[in-house]
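# Remarks on the overall topology
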Amino acid sequence: MASLSVKPGQRFTLPDWRNNSILISAVAEQQRFNSHHIRQEGRALRNETGNQARWDEHNSRTRISDRITVVDRWREALAKCLTDIDLEIDALTKVKEAAENALQAKNLCLDVAIECLTFRESRRDIDVVRDPVEEELLREVKVIEKTKKELQQRVDDAFKQLCLLKEARQQLRCDHKHKVEALEFDRQCLTFNPTSGNISFKVNATRIPDGSTELSEWELISQRNKERAEAEMKASVDLRGAITLSIAQTNNELDAQRIATEFALRKRMRDMEGALSELRWQEQNTLEEIAELEEEIRKLEEEIQKRTLDLKVAHTRLETRTYRPHIELCRDQAQYGLTDEVQQLEGAIRVLQQKRTESQDALDALYRQLHRIRTDIGYKTNSLQLDNKCMDTRKKLVVPVEKFDPEVDAVNRTRN
């Protein structure tokens, strides 16, 4: 027999059922409304945050690009400044080497001048005079020492300026290197995007790194480095001009003094040759006079010999007539004549002997003078040989000291 199954539990009324359906529908509509509102707010927020993110990223990219442009402009300016300062260092180095070569060349000039003075110290006796040649040589030594001192000062100035230029170049090089590295980092930043594989979260990414500088300070440092390099290059250009002028002036002074010395030396040699010619002429004339005087002395001696023989004849005649006998021994005209003849002959012999003595004295004086002339000829020949040695030594200076002809223009540093 079948039975009715009744589910146990609470029983709701139909109104409750309807109310429950209405409540569910109302809640569902409210939830849909809330969801729609949230969706609209989310969409608006997405749009707002997306736009803001895109603008922020655009602004950041623009700022980075602008920064790259500024840094790259400074990099180019520093690179140009580095090129200019390298050229200036090269130009100043060449000028410094030219000054050192000119200074080295002055050593040869000084050695030649001192060697000439040493040669001329070998002059003898009366030829050891303070003549214009010696004065010019001493003046030449002073000029060379003065030019050497001036050139050495210029070389020292060039060395100091090179140190300053290299120091400025080092600062420029470091600044340029840092800007190149900064450009690499900023350009790398421009390559980052949301799909890049090397992006990640960083710890405290917004921190301010130690050693950071303000933008004004950054630009001031670069400007200061550039201005210092330009100031050192300007000082170097002025110094190169001064060194070039000093080399030219010292060379001109030394050339003028060398010409004056050689002019005095040639004039002295001409005077010496004239004196030698005069002495040789005097020597020849003295030799001729000696020969004539010796011939005259020989003739005087012959004459004295003849008068002596005549005197012997007269004496013999007088002595022979003393043997006349008695009354024949009278003082006749023959006696007086013989006596006068003896007196005349004795007087003549005395005069002849006196003249022979005077002639012999004159001959001795001529021989002494001849010795003096020959000695002086020896002195002057020696002096002339020494001056010729000086001229031979100074031939080392005939090839002019290498004139300064810089390979780099002193103004714009362009290579010739």
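These figures come from a predicted structure and were not determined experimentally. (Residues numbered from 1 in each chain as written. Predicted model: local features only at pLDDT ≥ 70, side-chain atom pairs only at ≥ 80, totals over all residues. Heavy atoms only, no water.)

Attention now goes to the overall build of the protein. For the protein, the helix and strand inventory stands at four helices and zero strands. Going from N to C terminus, the protein has its helices and strands arranged as α-α-α-α. On C-alpha atoms alone, the protein measures out to a radius of gyration of 62 Å, which is more than a quarter above the 22 Å that the 2.2 N^0.38 rule sets for 416 residues. Along the three orthogonal principal directions, the C-alpha set of the protein runs to about 260 × 40 × 30 Å. (Helix = DSSP H or I, 4+ residues; strand = E, 2+ residues; numbered from the N terminus. Rg over C-alpha atoms; globule rule 2.2 N^0.38 Å.)

Further remarks concern the environment of Arg-270. Here Arg-270 lies in helix 3 (residues 215-321). Counting along the chain gives 91 residues from Arg-270 to Asp-361, while the straight-line C-alpha distance between them is 36 Å.

Counted according to the given criterion, the structure contains 34 salt bridges. A salt bridge links Lys-267 to Asp-271, with the nearest nitrogen and oxygen atoms 3.4 Å apart. You can see Lys-267 and its partner Asp-271 sitting in helix 3, four residues apart, about one turn around the helix. Overall, Lys-267 belongs to the partly exposed group, its relative accessible area being 41%. Asp-271 gets classed as partly exposed once you look at its relative accessible area, which sits at 40%. Each of Glu-140, Asp-255, Arg-258, Glu-262, Arg-266 and Arg-394 takes part in a single network of salt bridges with overlapping partners. (Salt bridge = Lys/Arg side-chain N within 4 Å of Asp/Glu carboxyl O. Buried < 20%, exposed > 50% of the residue type's maximum accessible area, 1.4 Å probe, protein only.)

Right, let's get into the packing of helix 1 (residues 14-120) against helix 4 (residues 333-394). Here helix 1 crosses helix 4 at 170 degrees, and the two axes come no closer than 9 Å. The pairing of helix 1 with helix 4 is recorded here as roughly antiparallel in orientation. Here Val-112, Glu-115, Cys-116, Phe-119 and Arg-120 of helix 1 come into contact with helix 4, specifically with Leu-386, Asp-387, Lys-389, Cys-390, Thr-393 and Arg-394. Partitioning the contact of helix 1 with helix 4 into residue classes produces five nonpolar, one polar and five charged. (Axes fitted to C-alpha atoms, helices over the stretch in contact; angles between N-to-C directions. Parallel < 35°, antiparallel > 145°, perpendicular 65-115°, else oblique. Contact = heavy atoms within 4.5 Å. Nonpolar A, V, L, I, M, F, W, Y, C, P; charged D, E, K, R; others polar.)

The subject of this paragraph is the nonpolar core. The nonpolar side chains of a soluble globular protein tend to be buried with one another. In this structure, Ile-144 and Leu-265 are the most contacted members of the largest nonpolar core, which totals 26 residues. Residue assignment for this core shows that the elements contributing at least two residues are helix 1, helix 2 (132-191), helix 3 and helix 4. In this structure, Ile-144 is in contact with Lys-106, Cys-109, Leu-110, Ala-113 and Leu-254, ignoring residues within four places of it in sequence. (Core = buried A, V, L, I, M, F, W, Y, C linked by side-chain atoms within 4.5 Å.)

Next up on the list: the UniProt feature "coiled-coil region" (unreviewed entry) in the protein. The UniProt entry lists residues 134-161, 276-310 and 342-369 under the feature "coiled-coil region" (unreviewed entry), expressed in the numbering used here. Counting secondary structure, residues 134-161 comes out at 100% helix and 0% strand; the distance between its end C-alpha atoms is 40 Å. Taken end to end, residues 276-310 is 100% helix and 0% strand, and its first and last C-alpha atoms sit 49 Å apart. (UniProt positions renumbered as here; feature names shortened; annotations may be inferred.)

What follows concerns the confidence of the model for the protein. Per-residue pLDDT for the protein averages 85, and the proportion of residues at 70 or more is 94%. Across the protein, helix 2 holds the top mean pLDDT of 91, while helix 4 sits lowest at 88. A low-confidence stretch, residues 401-416 stays under pLDDT 50, and its non-local contacts, those more than four residues away or across chains, total 37 contacts. (pLDDT = per-residue confidence, 0-100.)

With that settled, the discussion passes to the packing of aromatic side chains. Taken as a whole and assessed by the stated rule, the structure comprises zero aromatic pairs. A cation over an aromatic ring shows up here: Arg-67 above the ring of Trp-218, its NZ or CZ 3.8 Å from the ring centre. (Phe/Tyr/Trp six-rings, centres within 6.5 Å; stacked < 30°, edge-to-face > 60°. Lys NZ or Arg CZ within 6 Å of the ring centre and 35° of its normal.)

Once that is clear, we can look at the environment of Cys-116. Here Cys-116 lies in helix 1. For the pair formed by Cys-116 and Leu-279, sequence separation is 163 residues and the distance between their alpha carbons is 25 Å. Residues within four places of Cys-116 in sequence aside, it is in contact with Leu-137, Cys-390 and Arg-394.

Our focus in this paragraph is the side chain of Ser-383. Structurally, Ser-383 is set in helix 4. Owing to a relative accessible area of 1%, Ser-383 belongs among the buried residues under this scheme. Not counting residues within four places of it along the chain, the set of residues in contact with Ser-383 comprises Arg-123, Asp-127 and Met-272.

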